[in-house]
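# Chain and residue survey
So the chains spell out like this:
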Amino acid sequence: MGWQLLFWLLVCFPLNIAFFASSFYQVLILSDLEDDYMNPFDASSRINYFVVPEFIGQGLLCALCLLTGHWIMFLLTLPLACYHANLFMKRQHLLDVTEVFRVLKAEKKFRIIKLAFYLTVLIITIFRLVLLLVYYFDLEDE
């Protein structure tokens, strides 16, 4: 029981918070670009800074859920990890400066969908973490 609590508290929760914050930041930058508060070079370089670490972290979280036997979380995060791997293999994972205005609507929509996905996973992680804490402290009292 203690290892599961550490897994959810020290691995899943911080990674999900980081994914959610990164996705929110990317949506904010795209909104600033759309409203012409930021130039395309700055926007694409700031977004591209987070893309590869997010892909690595998402793959790592998916693999850790598989190795620790958390099948529902693994099956929930697998489609996005596969989509990230597909984008990386096709070399379409980075935002191009010259085409940023052409793909702005699609990129913003994609990142809003990812933001909703990460919020869902974060809520599930918080629920699971609270559930484990209640069970852990309940067993400690007996």
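The structure displayed is predicted, hence computed values, not measured ones.

Moving on, we get to the UniProt feature "transmembrane region" (unreviewed entry) in the chain. Residues given the UniProt feature "transmembrane region" (unreviewed entry) here are residues 55–83 and 115–137. Helix makes up 93% of residues 55–83 and strand 0%, and the two end C-alpha atoms of the span are 10 Å apart.

Turning next to the layout of surface pockets. By volume, the largest pocket amounts to about 370 Å³. Here the lining of the largest pocket gets five residues from one element, more than from any other, and that element is helix H4 (residues 104–141). Estimates place the volume of the second largest pocket at around 160 Å³. Around the second largest pocket, the lining residues are Trp8, Gly69, His70, Trp71, Ile72, Met73, Ile124, Phe127, Arg128 and Leu131.

In this section: the packing of helix H2 (residues 40–68) against helix H3 (residues 71–89). Running from amino to carboxyl end, H2 crosses H3 at an angle of 145 degrees, the nearest separation of the two axes being 8 Å. In this structure, H2 meets H3 at a crossing whose hand is left-handed. Contacts from Glu54, Phe55, Gln58, Cys62, Cys65 and Leu66 of H2 reach H3 at Trp71, Met73, Phe74, Thr77, Leu78, Leu80, Ala81, His84, Leu87 and Phe88. A per-class count over the contact of H2 with H3 returns 12 nonpolar, three polar and one charged.

The residue Lys114 is located in helix H4 in this model. Apart from the residues lying within four places of it in its own chain, the contact partners of Lys114 are Ser23, Glu54, Leu80 and His84.

By the definition in use, this model includes seven aromatic pairs. Seen in terms of ring centroids, Tyr49 and Phe50 are 5.3 Å apart; in terms of plane orientation they differ by 85 degrees. Their pairing is edge-to-face. On the basis of relative accessibility, which here comes to 61%, the residue Tyr49 falls in the exposed class. With a centroid separation of 5.4 Å and 55 degrees between ring planes, the pair formed by Tyr83 and Phe110 is classed as tilted.

This paragraph deals with the environment of Phe20. With respect to the helices and strands, Phe20 occurs in helix H1 (residues 2–34). Relative accessible area serves as the criterion here: at 24%, Phe20 is assigned to the partly exposed category. Measuring from C-alpha to C-alpha, the distance between Phe20 and Leu75 comes to 19 Å, with 55 residues separating the pair along the chain. Filtering out sequence-adjacent residues up to four positions away, Phe20 remains in contact with Leu115, Tyr118, Leu119 and Leu122.

What counts and how
Residues numbered from 1 in each chain as written. Predicted model: local features only at pLDDT ≥ 70, side-chain atom pairs only at ≥ 80, totals over all residues. Heavy atoms only, no water. UniProt positions renumbered as here; feature names shortened; annotations may be inferred. Helix = DSSP H or I, 4+ residues; strand = E, 2+ residues; numbered from the N terminus. 1 Å grid on protein atoms, 1.4 Å probe; cavity = no way out; pocket = protein on both sides within 12 Å on 5 of 7 lines; lining within 4 Å. Points joined across faces, edges and corners; volume = space filled by probe spheres on them. Axes fitted to C-alpha atoms, helices over the stretch in contact; angles between N-to-C directions. Left-handed = near helix turned anticlockwise from the far one by under 90°. Contact = heavy atoms within 4.5 Å. Nonpolar A, V, L, I, M, F, W, Y, C, P; charged D, E, K, R; others polar. Phe/Tyr/Trp six-rings, centres within 6.5 Å; stacked < 30°, edge-to-face > 60°. Buried < 20%, exposed > 50% of the residue type's maximum accessible area, 1.4 Å probe, protein only.

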